[in-house]
Each structure stands twice: as structure tokens, then as C-alpha cells.
Amino acid sequence: MRAWISDNSALFLVLPGLFFFSLFMFFPLLFTIYLSFTDAEPATVFQDGPGGITGFFGLRGVENFVGLENYVSVLSDPAFWNSLGITWLFVVLSVTLKVAFGIFLAMLVTSDRVRGKRYLRSIIIIPWALPPIFTITIWRGVFSSARFGLANQAIAVFGMAPKSWFNDRWLAFGTYLLTEMWLAYPFMVIITVSALQAVPDDLIDAAKVDGAGFIHRFLNVTVPSIKRPVMFAAILTAAASFTQFLIPYVFNRGGPGRANELIILYGYREAFTFDAYGAGAAIMMTAVVFIGIFMLAAVWKGQLAEGVN
Amino acid sequence: MTMLESIRRKLARDVRTAIDKPAEFRADVEYTIEGVKRGTISPRDVLIPAVSTLATLAFVFVLLIPIYWVLMIALQGDGATLYSTDSAGLIPKEFSPEAFVWVVGDLYIPGAIVRIAVPFTDVVYYFEWPRIVFLDASNYVDTTSDFPRYFWNSLFIGVATVVIAMSLIVPAAYAFSRREFAGRMKLLYGYILFTQIGGGLGIAALIALYTIFSSTGLTNNKLVLAVYYAAMAVPFNTWLLKTYMDSIPVSYEEAAIMDGASPFRVAWEIVLPLAKPGLATIFIFIFLTGWMEFIVAQLVLRPENYTLPVGLFSLVDTYTVPWGRFSAFALVYASPIVFVYMFAQRYIESGLSFGGVSG
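Keep in mind the model is a prediction, meaning the values are calculated, not measured. (Residues numbered from 1 in each chain as written. Chains lettered and ligands numbered in written order. Predicted model: local features only at pLDDT ≥ 70, side-chain atom pairs only at ≥ 80, totals over all residues. Heavy atoms only, no water.)

A.B. asks: How should the overall build of chain B be read in this particular structure?
C.D. replies: Of the regular secondary structure elements, chain B holds 14 helices and four strands. Residue burial in chain B is summarised as follows: out of 359 residues, 43% are buried. In chain B, 68% of the contacts between residues at least 6 apart in sequence involve partners at least 24 apart. Entry remark: accessible area of chain B is about 18,900 Å², with carbon and sulfur atoms responsible for 66%. (Helix = DSSP H or I, 4+ residues; strand = E, 2+ residues; numbered from the N terminus. Buried < 20%, exposed > 50% of the residue type's maximum accessible area, 1.4 Å probe, protein only. Contact = heavy atoms within 4.5 Å. Areas by Shrake-Rupley, 256 points an atom, 1.4 Å probe, with all protein chains shown as cover.)

Below you can see the structure in the form of C-alpha cells.
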């Protein structure tokens, strides 16, 4: 035992960090699982209860164990399936947009025909440096229903009447997509640019000599060379889209009504607006299962651990 | 101080480059025109890059138009609202610092009286200085914002987060980089995974987190929030500092060990000083966690303890604040980050090349 400790003494330098991280990450996650099996709500969960397993931490309220009841009621609620459906739609559409736009911008700022590329690159990734709450509140102003909101001014150029963006379901969903794309494109651009720069010039020259046009060169030389890093970035950004919370929350609380509540916001509102902590926890756990799948995909596809030593 | 010195030198170099650039550009243009006149450069070779560069610039401008728009609105002061008919355009009609004055409020050094008693005697000195006012907001606006209060809350949380997180991360990064122990690979692997999905899991655990904080009476506590941020900063920053330490040659330490230095002295006097740029990077990252985090902060904090992001959101959510003032608030909140980022960009980008990412 003593030998083991002296062999592994460096472990004690790592443990404090690990302890605090676990305390604020794994413990709440475990507690979420516990809550999802109870009828917890503010009236019960904050009462001083009899103790029990979690009583040790002073956490036990008077909530009751209800088994799978929360999961049954959540899974049989059409609102949940609406939320899950809109979330998946959001993931698919926003990832497609982000990847396409990211590649387009990256090609633009690595193109031979454009001068001052380094400066352009540091300018276009500015949105990355801005706090999310800043950009999202700004975009909320852009889509203001007022006559001189930026979006309404823009469509006025095309002779369209001002719209109240957040009161129509699909218009609101469109504003989420656009904002998400704007928030995430710097990440995609950075990764795609570094991938593009790794494409050997000989390959492209060889293709030119063989008479391949731009589209042919793009499909047969560029795409295969940048596929892996872009795939990897797409998986990560898909996980970010799936857990998107701030955009719908700040824009219009996932409205109109509850039509556009992405899954995390749905769970959040279920708990904090409608006081159903147990059901909210069950929704969050369902979301965690999906995040777990993303995580495994990132490990398998992206080979995240490559180069760890 | 060598680090401050090197930062100063780099800033000076950047400024010089920025000043020299226009002249250089003019020389380039003149050379090209000359070449076209003489026929050594074909007009086609000039036209295509010029047109595509201009097109790209226009495109980038459209892309970043929301930021430009906010800046213009903030500069127009109170005149800019979304509801009037003659403002909020892309080209401002007039400039007024009113909105910024509203955000910053009075700038002053508070007056005070300091009493210094000389020991063992009855002599007491009093030093007194009046309130020194740099900017009296009441000359310009009726009310001022809560920005200063939010700012101090954010600063307190940021500094506390950095102190706590550094004391957790630095020893761990050193151990990961320089020592062997059971489970080292597994832990590192787990940390890298959580770097990617920690944010999502953190939000999923929000309900439980709030319940735990409420049941134990820890809501509305800035220090607890700082501990939470520090804990969440552990995986990414430990890994980042560890990769930085890996790039420091082991030979320095071996030399020190040969000279009989204890392991602690090796770490303290050799590895840490050499790791300063890495330490600075994670310092910025950790500080910005607290500066930018919104979701947990708005869930657990009450108005008197609001941080800047929560304060910003409370403005946009009330509808009573004019758009010009809101924009100024947002810009004052976000601009320091942009400046830090612009300067640190090249280092951050090179430091962030993930194993699997760089092709």
C-alpha cells in the first residue's frame, strides 16, 4: 500500500481538481437521475424531509419516489415529441448551413485571387471572440418587430412589409438558424482553413494540368482532403446545436406558445416555469442520452484521443 | 516583468506595422500602375484580384453588419430608437456620447480621511483628500445604469474564479506532464472528452444544480458561483496547460536535479517560470468563463449580485431601456474581450490545434 502511494504520489496533485469537477458535474448529474424518479417540485423538494440516501447531504426534501411515472408522462406528451422533432430539425438544418457556409468562407479567405487574406481571416472570426449573450441579445434586436429593426430594414429594400419575426413559428425558427450559423461559423472557418492549407498544392496543380474544372477539383481533390477534420468539427458543432439553449431563450422563450422550445429549453421551462422538477429532470436525462451518443460518435469518428500522451 | 516587457515590445511592433502598412500599400499600387502602363503586368492580372478582393470585403461587411449597426446606434446616443422614423439607419446623422455616459456613470475617486497614529506617542496625522470627479454624469443624463455594480460583481467573480481554478489546475497539469501515476491516461482522456461536451452536460444538470444550491442555501452567493466556474474550467485548462508544459524541454530539469534541487524546487523555479505563456493563456480563458457565463448566473443570482451578462439580459428583457443605451452597455461589456482576443489571437489559435483537428 505504502509502495503504491509513493509510486503514485503525483496523483494527489490531480485529485483536488478532479474532486471539484466531479462535485459540480457528476454529482448534479446523479442527482438529476434521482430527481427524475421523484415527484419533486418547489413545494416538496425544498422542505426539510426525513433524510434517506441523499439526506446525508442535507438534500432530502419530502418528494416521493414515483418510479418511471415521469418518463411515462413525458414520453406520452405530444409537446415532448414536438420539442424533440424541432430540436432534430434544428440540428440537421443548422449543421448543414454551418458546414456549407464555413467551407464557402474558408475557400474565400484562402483563395489565390483575394489579397490581404490574413487580415480578412482575423476580421471574420470576430464573432467568436464576443460573449454569446452579447451576440444573441444583439440578434434579438436585429429581428425586432419594429419598423427600423435591421432585419425589417433589410427586407424593406426588397419592398416587403415589416414582419414580427418572433410571432410566426417558422419565421422564428429561421431566425434561430441564422443566428446559430452566425455564432458557429468562425469555428468552422478556423478548422476548414487549417485543413485547406494542408491540401498539397501539387495535387491541385496536377488536377489543373489534367484539365479538371473548378467543380471537379473541389469534389475530387479538396473534399477528400478536408473531409476528416470537417466531419469532426461537424460532430462537435452538432452537439452544440443539440444543446442550444440561449438563442430560443433570449429571442422569445421558445415561442410562439411552446412551439419552438428546443429540448434543453423544454426541460428548463418544464422545471422552472411550470414547477415540475421531476418531469424536467426526466427530459434532461433523455437529452443526456443523446449527448452521450454524440460523445461516442466523436470518439469513434474524430479519434479525439489521437496524440494523447 | 520580462513577460510584460515582451508584451510591450510585441504591441509596439504591431503598432509600427499598422502605421507602415498604408505606405507599403501605396507603393505596391504605384508599382502595379507603373507596370500596367509599361505593359509588363497585364491588366487582367490586376483586375481579377482587385475585383474579387473588393467583392470579398463587401461580403465580409454584410456578414458583420450587426456589430457595425450596434456601434452606430450606440454612438447616436438617445436619438436612436427602433421605433422612431428618422434614426437607426446605417449612416448616423449625429453623434452623442450620451449612451456611453449613461452606462459608465460618474467616474471618480471617492474622498476619504486617513488617520495615521505614530506608535508610542500621541501624535496623530490626518490625511484628507476630496472626492476627485473625472466625469459627472448628471451633466449629461438624468439617470445612470447599474453597469458599475455589475462590473464589480463580475470582476469579483472573475478574480475569485482565477485564484481557485489556478490552484486546482497548475499542480494537476504539472503532474500530467511530468509524472507517471495510475490512471493518468484514462483521466487525461476523460478530461479531453469533457472539454467537448461538458457545456451540454452542464446545462442538462441545471435543475439538479439549482435544487442542490437552493437546498443548501448557496444561491445568490458570488463565491460559490466562482467555485462552480473554477470546477468547470478544470478539464479544458488542465489539458491546455499540460500540452504547453510538454513543450518545455526536460533537459533543464535534469540539469537542476543533477545540481541537487528538490522536486518541489524544480517545479517552482524551472517549470513554472518557463510555462508563463501557457499560464497567461489559461488565466485569460478562466477569467473569461466567469465574464461570459450567463445561464447559471441568472438562475442563482439576485439583482444585487448580477454579473454583467445577466445585467445585459435584464436590460433587453424589460423593453423600457432605449436601444441606444442598450447598445452602449453591450459594447462596453464586450469590447475588452475583443481587444484581448485580437492581441492574443495568433497564440490562441496555434495553442488550440487539437490532435484530431489539424488534418
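A.B. asks: Would you mind going over a negative patch on the surface with me for this structure?
C.D. replies: A cluster of acidic side chains, namely Asp39, Glu41, Glu69 and Asp275 of chain A, defines a negative patch on the protein surface. Inspection of the secondary structure puts Glu41 of chain A in the loop between helix H2 (11-36) and helix H3 (42-45). (Patch = residues over 30% accessible without salt bridge, like charges linked within 9 Å, V, L, I, M, F, W, Y side chains within 5 Å. Salt bridge = Lys/Arg side-chain N within 4 Å of Asp/Glu carboxyl O. Lys, Arg positive; Asp, Glu negative; His and termini not counted. Charge placed at Lys NZ, Arg CZ, Asp CG, Glu CD.)

A.B. asks: What should I look at first to understand the pattern of salt bridges in this one?
C.D. replies: Between side chains of opposite charge, pairing is possible as soon as their charged atoms come close. For the structure shown, the criterion picks out eleven salt bridges over all chains. In this structure, Arg149 of chain B engages Asp146 of chain B in a salt bridge whose closest nitrogen and oxygen atoms are separated by 3.3 Å. Exposure remark for Asp146 of chain B: the relative accessible area of 36% places this residue in the partly exposed category. Here Glu253 of chain B and Arg178 of chain B are joined by a salt bridge, their closest N and O atoms 2.8 Å apart. Here Glu253 of chain B, found in helix H9 (residues 251-258), pairs with Arg178 of chain B, found in helix H5 (residues 147-178); they are 75 residues apart in sequence, far enough to count as distant. Take Glu253 of chain B and Arg178 of chain B: they sit in the same class, and that class is buried. When salt bridges that share partners are traced, they join Arg258, Glu261, Arg269 and Glu270 of chain A into one network.

A.B. asks: I would appreciate a short explanation of the interface of chain B and chain A in the present structure.
C.D. replies: A common way to report how large an interface is uses the accessible area buried once the components associate. Contacts between the two partners involve 99 residues from chain B and, on the opposite side, 93 residues from chain A. The tally of links from chain B across to chain A stands at zero salt bridges. Our count for the chain B to chain A interface comes out at three residue pairs in polar contact (both at pLDDT 80 or more). Class assignment of the residues belonging to the side of chain B that touches chain A gives a composition of 71 nonpolar, 20 polar and eight charged. (Polar contact = N/O pair within 3.5 Å; in protein donor to acceptor, adjacent residues only side chain to side chain. Nonpolar A, V, L, I, M, F, W, Y, C, P; charged D, E, K, R; others polar.)

A.B. asks: What am I meant to see in the side chain of Ser52 of chain B here?
C.D. replies: You can see Ser52 of chain B is positioned in helix H2 (residues 43-63). A distance of 2.7 Å separates the side chain of Ser52 of chain B from the backbone oxygen of Ile48 of chain B, its partner in a polar contact. Excluding anything up to four places from it in sequence, Ser52 of chain B contacts Arg113 and Val114 of chain A.

A.B. asks: Is there a simple way to think about the confidence of the model for chain B in this case?
C.D. replies: It should be kept in mind that the predicted coordinates are not to be read in detail where pLDDT is low. Residues and elements named next belong to chain B. Chain-level pLDDT for chain B is 80 on average; 84% of the residues reach the 70-or-more range. For chain B, per-element mean pLDDT is lowest for strand S4 (residues 132-135), which scores 68, and highest for H5, which scores 91. Low confidence marks residues 351-359, where pLDDT is under 50. Its contacts with residues over four positions away, or in another chain, come to 14 contacts. Both scores are given for the predicted complex: the pTM is 0.83, the ipTM 0.84. (pLDDT = per-residue confidence, 0-100.)

A.B. asks: How should I be thinking about unusual backbone geometry in this particular structure?
C.D. replies: The phi dihedral of Arg253 of chain A falls on the positive side, at around 55°, and the residue is not glycine. Relative accessible area serves as the criterion here: at 25%, Arg253 of chain A is assigned to the partly exposed category. Of note, Asn220 of chain B is a non-glycine position whose phi angle comes to about 60°, a positive value. Residue class for Asn220 of chain B comes out buried when judged on its relative accessible area of 17%.

A.B. asks: Looking at this structure, how should I read the packing of aromatic side chains?
C.D. replies: The relation between two aromatic rings is expressed through the spacing of the ring centres and the mutual angle of the planes. Counting across every chain of the model gives 51 aromatic pairs over all chains. Between Tyr150 of chain B and Phe329 of chain B, the ring centres sit 6.3 Å apart and the planes meet at 65°, which makes this aromatic pair edge-to-face. Taken together, the positions of Tyr150 of chain B in helix H5 and Phe329 of chain B in helix H14 (residues 323-351) put the pair 179 residues apart, joining distant regions of the chain. Here the two residues Tyr150 of chain B and Phe329 of chain B agree in accessibility, since each one is buried. Ring pairs connect the aromatic residues Phe147, Tyr150, Phe151, Trp152, Phe287, Trp291, Tyr306, Phe329 and Tyr333 of chain B, which therefore count as one cluster. Stacked on the ring of Tyr249 of chain A, the Lys or Arg Arg253 of chain A has its end atom at 4.4 Å from the ring centre. In this arrangement the basic side chain of Lys222 of chain B is found over the ring face of Phe156 of chain B, its NZ or CZ atom lying 5.1 Å from the centre. (Phe/Tyr/Trp six-rings, centres within 6.5 Å; stacked < 30°, edge-to-face > 60°. Lys NZ or Arg CZ within 6 Å of the ring centre and 35° of its normal.)

A.B. asks: Would you mind going over a nonpolar patch on the surface with me for this structure?
C.D. replies: Residue and element names in this part refer to chain B. Side chains of Ile109, Val114, Ile116, Val118, Val123, Tyr125, Phe127 and Trp129 sit close together on the surface and give an oily, nonpolar patch of about 660 Å² of accessible area. Of all the elements in the fold, those that place two or more residues in the nonpolar patch are strand S2 (112-117) and strand S3 (124-129). If you tally residues by element for the nonpolar patch, the top one is S3, at three residues. By the element assignment, Phe127 lies in strand S3. Among the residues examined, Phe127 registers a relative accessible area of 46% and is labelled partly exposed.

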